[in-house]
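Structural overview for review
Next come the chains, spelled out residue by residue.
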Amino acid sequence: MKKTSTRLADGRELLYYDTRDDAVRDAVDRRPLDALSTTAEIRHDVLLGDAVAIASHRQGRTYRPSADACPLCPSRDGRLSEIPAADYDVAVFENRFPSLAGDAGRSEVVCFTSDHHASFADLDEERAGLVLEVWTDRTAELAELPQVRQVFCFENRGAEIGVTLQHPHGQIYAYPFVTPRTELMLRSVAAHRAGTGRNLFDDLLGREREEGVRVVLEGGHWIAFVPYAAHWPYEVHLYPKRRVPDLRALEEDARTEFPQIYLELLRRFDRIFGRSEPPTPYIAAWHQAPFAGTNDVNRDEFALHLELFTIRRTSGKLKFLAGSESGMSVFINDVPPEAAAERLREVASE
């Protein structure tokens, strides 16, 4: 992997990641942009203990542009975009409309391919492996920022999810706090250790492998399953079999196998509802341990994993977060996890 760092016209960092060591990335951003100015701040909810990012500048962000005006496509034929090069493998840049910035963290955009009409599932294994290396590299670099406590790599796909740019891309949020969802996991892990003397993640994977009914896909180094208490209609959790706290700690064998396993999962998601349906909207979210030095965090107890889920519950119907989910955080799932796992096994690649 070759990494090239440069700057956009408004001072934001842009990084090119290439599979070829001889790739040259010297194109200059010629857009007349003003220096970046944001209003991002973090406020704390004293009742719930949650942190909320207030970012009013995001009201003016680009919203569903046409393909010929996509800011994530390469700069070609006289049209200038966020990426000055005429082509790229994977590109990462600071978000022009960040949710987190400065002392409030950092927000980055990860473009998986220069092909506007592709998706992550269309990538070959080499490119998917490069994206994994990019996630790992960004986690390592962002971990060095003094204000950052946790790094979250994720992809939102589909207009139903709320995606405003159709080009295949994901994002990375570097939070200046430990997220509420991770706090809940850490609390459960600590209670399980205190009560049993064992690691909760290890016991969870052991249970799923023993029962088998919810396992969707298993390789030599990864296992994917629908969780026993799945929140979403079709939800899969993907774990390396050897517990590690974050992407930086993955062993080489797990890195090598990841593209094959993950691409197969994404392609199965696109076949759940039949080939006549539009591509399945989904969220893919990496859960990593907060960094050492964060209060009350035992990194060695946490298990890196990816959660992949869709809000589509059946053909032509979406799962909305209604009163119970939105008002009280109590999910009601219409699809039994065992049935979801069976369906995801049925649509395996031939």
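Cut-off values and rules
Residues numbered from 1 in each chain as written. Predicted model: local features only at pLDDT ≥ 70, side-chain atom pairs only at ≥ 80, totals over all residues. Heavy atoms only, no water. Salt bridge = Lys/Arg side-chain N within 4 Å of Asp/Glu carboxyl O. Helix = DSSP H or I, 4+ residues; strand = E, 2+ residues; numbered from the N terminus. Buried < 20%, exposed > 50% of the residue type's maximum accessible area, 1.4 Å probe, protein only. Pairing = 2+ DSSP bridges. Axes fitted to C-alpha atoms, helices over the stretch in contact; angles between N-to-C directions. Contact = heavy atoms within 4.5 Å.

Things to note about the pattern of salt bridges
If you walk through the whole model with that rule in mind, you get 38 salt bridges. Across the pair Arg 106 and Glu 13 runs a salt bridge whose closest N-O atoms are separated by 2.9 Å. Within this pair, whereas Arg 106 is found in strand 6 (residues 106-111), its partner Glu 13 is found in strand 2 (residues 13-18), the two being separated by 93 residues in sequence. An identical accessibility class is assigned to Arg 106 and Glu 13; each is buried. For Asp 87, the salt bridge identified is with Arg 76, shortest N-O distance 3.6 Å. In this pair, Asp 87 is assigned in the loop between strand 4 (51-54) and strand 5 (90-94) and Arg 76 in the loop between strand 4 and strand 5, connecting sequence segments 11 residues apart. A relative accessible area of 40% means that Asp 87 is categorised as partly exposed. The class for Arg 76 is partly exposed, based on a relative accessible area of 40%.

Brief notes about the sheet that holds strand 10 (residues 222-225)
Pairing within the open sheet is antiparallel, and its 11 strands lie in the order 1-2-5-6-8-7-12-13-11-10-9. The sheet is open, and its two edges are formed by strand 1 (2-7) and strand 9 (215-218), each paired on a single side. Sheet twist, expressed as the mean angle between neighbouring strand axes with direction ignored, is 20 degrees. As defined by bridge partners, strand 1 adjoins strand 2 across 6 bridges and the pair is classed as antiparallel. Its bridge partner lying in strand 2, Lys 3 is registered against Tyr 17. Running at roughly 70 degrees to strand 10, helix 3 (residues 200-211) makes contact with strand 9, strand 10, strand 11 (234-240) and strand 13 (305-310) of the sheet.

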